[in-house]
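# A structural walkthrough
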Amino acid sequence: METAYKNLQEFIAVLEKAGELKRIQAPVSKDLEITQVTDLASKSPGGGQALLFEHVLESPFPVLTNAFGSDRRICMAFGVPDLDTLSARVRQFVEVEPPKTLKDVMRLMPMGLDFLRFLPRKLKCAPCQEIVYRGDEVDLSLLPVLTCWPQDGGPFVTLPVVITRSLLTGRRNAGMYRLQVFDRYTTGMHWHIHKDGSHYFHEYRKARKRMPVAVAIGTDPAVTYAATAPLPRGVDEMMLAGFIRRKPVPMVRCLTVDLEVPAEAEFVLEGYVEPDELRLEGPFGDHTGYYSLVGEYPVFHVTALTHRRRPVYSATIVGRPPMEDCYLAKATERIFL
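Residues numbered from 1 in each chain as written. Predicted model: local features only at pLDDT ≥ 70, side-chain atom pairs only at ≥ 80, totals over all residues. Heavy atoms only, no water.

### Regarding empty space enclosed by the protein
Our working definition: The method works on a 1 Å grid over the protein atoms by themselves. A cavity is a set of points holding a 1.4 Å probe that cannot get out, a pocket is an open set with protein on both sides within 12 Å along at least five of seven lines, and residues with an atom within 4 Å of a point line them. Grid points are joined across faces, edges and corners, and a volume is the space filled by probe spheres set on the points. Only DSSP runs of H or I reaching four residues or more are called helices, and only runs of E reaching two or more are called strands; each is numbered from the N terminus.
All told, the structure shown has three cavities of 30 Å³ or more when counted by the stated rule. What lines the largest cavity is L8, F11, L64, A67, F68, L159, G218, T219, P221, T224 and S314. Only α1 (8-17) and α7 (221-226) provide two or more residues apiece to the lining of the largest cavity. Lining the second largest cavity are K6, T219, D220, R245, V249, P250, P262, A263, E264 and A265.

### Focus on the nonpolar core
The nonpolar side chains of a soluble globular protein tend to be buried, and buried together. Spelled out, the test is: Definition used in this section: a nonpolar core is a set of buried Ala, Val, Leu, Ile, Met, Phe, Trp, Tyr and Cys residues joined via side-chain atoms within 4.5 Å. Only protein chains enter the accessibility calculation, which uses a 1.4 Å probe; a residue whose area is less than 20% of its type maximum is buried, one above 50% is exposed, and one in between is partly exposed. Every residue pair with non-hydrogen atoms within 4.5 Å of one another is taken to be in contact.
By size, the foremost hydrophobic cluster in this structure holds 54 residues, and its most contacted members are F11, L64, I74, F78, Y225 and V261. In this structure L64 touches L8, I12, L21, A50, L51, L52, V312, Y313, S314 and A315, once residues within four positions along its chain are discounted.

### Side note on the pairing of strand β12 (residues 250-253)
Which entries qualify depends on this criterion: We call two strands paired when DSSP finds no fewer than two bridges between them.
In terms of strand pairing, strand β4 (residues 121-123) meets β12 through three bridges, oriented parallel. Bridge pairing in β12 places L123 opposite V252. As paired strands, β12 and strand β13 (residues 260-262) are joined by three bridges and run antiparallel to one another. Bridging across to β13, R253 finds its partner in E260. Adjacent in sequence and paired antiparallel, β12 and β13 are bridged by six residues.

### Description of the sheet that holds β12
As a reminder of what qualifies: Interaxial angle, 0 to 180 degrees, is taken between N-to-C directions of lines fitted to C-alpha atoms, where a helix line uses only the stretch in contact.
Across the sheet, three strands lie side by side as β4-β12-β13; this open sheet has mixed pairing. Edge positions in the open sheet fall to β4 and β13, since each of these has one partner strand only. On average, each strand axis in the sheet is inclined to that of its neighbour by 45°, with strand direction left out of account.

### Considering the packing of aromatic side chains
How we decide: Each pair of aromatic rings taken from Phe, Tyr and Trp, with Trp reduced to its six-membered ring, is defined by centres within 6.5 Å and is described as stacked if the planes are under 30 degrees apart, edge-to-face if over 60, and tilted in the remaining cases. A ring is considered to have a charge above it if a Lys NZ or an Arg CZ atom is located within 6 Å of its centre and within 35 degrees of its normal.
Taken as a whole, this structure holds eight aromatic pairs when the rule is applied. Summarising the aromatic geometry, the rings of F61 and F267 are spaced 5.2 Å apart at their centres and angled 75° between planes, so their arrangement reads as edge-to-face. Here F61 is found in the loop between β2 (50-53) and β3 (63-65), whereas its partner F267 is found in strand β14 (residues 267-281), with 206 residues between them in sequence. Of the two residues, F61 and F267, both sit in the buried class. Looking at R210, its charged tip hangs above the ring of Y272, at a distance of 3.7 Å from the centre.

### Remarks on the side chain of E260
How we decide: As used in this structure description, the phrase polar contact means that two N or O atoms lie within 3.5 Å; if the pair is within protein, one of them must be able to donate a hydrogen and the other to accept it, and residues adjacent in sequence are counted only when both atoms belong to side chains.
Residue position: E260 is located in strand β13. A polar contact of 3.4 Å, which involves the side chain of E260, links it to the side chain of R172. With sequence-adjacent residues up to four places away left out, E260 is seen in contact with K122, I163, R172, M251, V252 and R253.

### Digging into helix α9 (residues 324-336)
Residues spaced three or four apart along an α-helix face the same direction, because each turn holds 3.6 residues. Using the following cut-off: Multiply 1.5 Å by the residue count of a helix minus one, and that product is the helix's expected span. Working definition: the arc comes from the directions between the helix axis and the C-beta atoms, pointing outward to the latter.
Helix length check: α9, at 13 residues, gives a terminal C-alpha distance of 19 Å against a target of 18 Å (1.5 Å per residue), a fit within 8%. All of the buried residues along α9 are E324, Y327, L328, A331, T332 and I335. When α9 is viewed along its axis, its buried side chains cluster within an angular range of 145° and face the same direction.

### Observations concerning the pattern of salt bridges
Rules: Salt-bridge detection follows one rule: a side-chain nitrogen of Lys or Arg within 4 Å of a carboxyl oxygen of Asp or Glu.
The final tally for this structure, using the stated rule, is 24 salt bridges. Ionic pairing is found between R23 and E16, a salt bridge with its closest N-O pair at 2.8 Å. On the basis of relative accessibility, which here comes to 34%, the residue E16 falls in the partly exposed class. Across the pair K330 and D71 runs a salt bridge, and its minimum N-O distance is 3.2 Å. Of this pair, K330 sits in helix α9 while D71 sits in helix α3 (residues 71-78), placing them 259 residues apart in sequence. The structure contains a network of salt bridges with shared partners spanning K122, R172, D236 and E260.

### Quick notes on the sheet that holds β3
Overall, mixed pairing links the four strands, which are arranged β1-β2-β3-β18 in an open sheet. One side of each edge strand has no neighbouring strand; the edge strands of this open sheet are β1 (21-24) and β18 (313-314). As paired elements, β1 and β2 share four bridges and run parallel to each other. From the neighbouring strand, L21 faces β2, where its bridge partner is A50.

What follows is the structure, encoded as structure tokens:
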């Protein structure tokens, strides 16, 4: 890949050109039906095709599923012929010996300059803010959020890039934590205790402060993957995404919270989490083939919903393997082993 995918829709166009995308024009429901079709595709030989549902009954926005769900598509997402090629690039940086002489410094300078090219870039305006809903205008029912399985507690956002920042260090984290939609303005925030988002949340709880949160839905493939990657705490996932893309991730400041989000995202949710507000979340049909149990989790209050003029909602289906997530996991194994 000579240049990065600018956004999710550019990736969709490449998938279609390669015969890796199937457009579904028949009307389908976001409740159970999209899951049923996607499950059949993901369990077909080779992972089937990516699916673009163009006519969702409950929403004006199309839905993309199974975009990463094959060996070929996961490599296309990273712009590499195979995962070992990307792993070798990572190894070049990880296994560098500290310089001992001036000659060593000079030898490593091009690598350092190359790394600086991956730093995120800030924009003043962005496609993800072309359409803006604030305050009482916010209505999460506009989004085609999927109810995947019959006993799920409700619709869940399954492919979100959740952006938080440490109260103590100011460092950013981008993680992937499912969001159960409760009503027009609120969702659950399902971060486990070992995740960076949860770690930062406890900093705010201890300080008795409201925590700003932003969620990007439908990011370019490198950003989506980076949010799932097992990076050490404090390492910015946007740096990893820039490294994979070979180009910095453009970011833009949110409109109602002091955070930055990927400028080319399809949708963005802005809001906050209160330090002591918990709500029952779940059940959720999980990749084990069983439902994860109901539990208490923080509540995400949405203060703004923004999106592109013609956005595509990106989702993944979690269930018995093989599913799309196994190809993301395979990428992590090859890259980080």
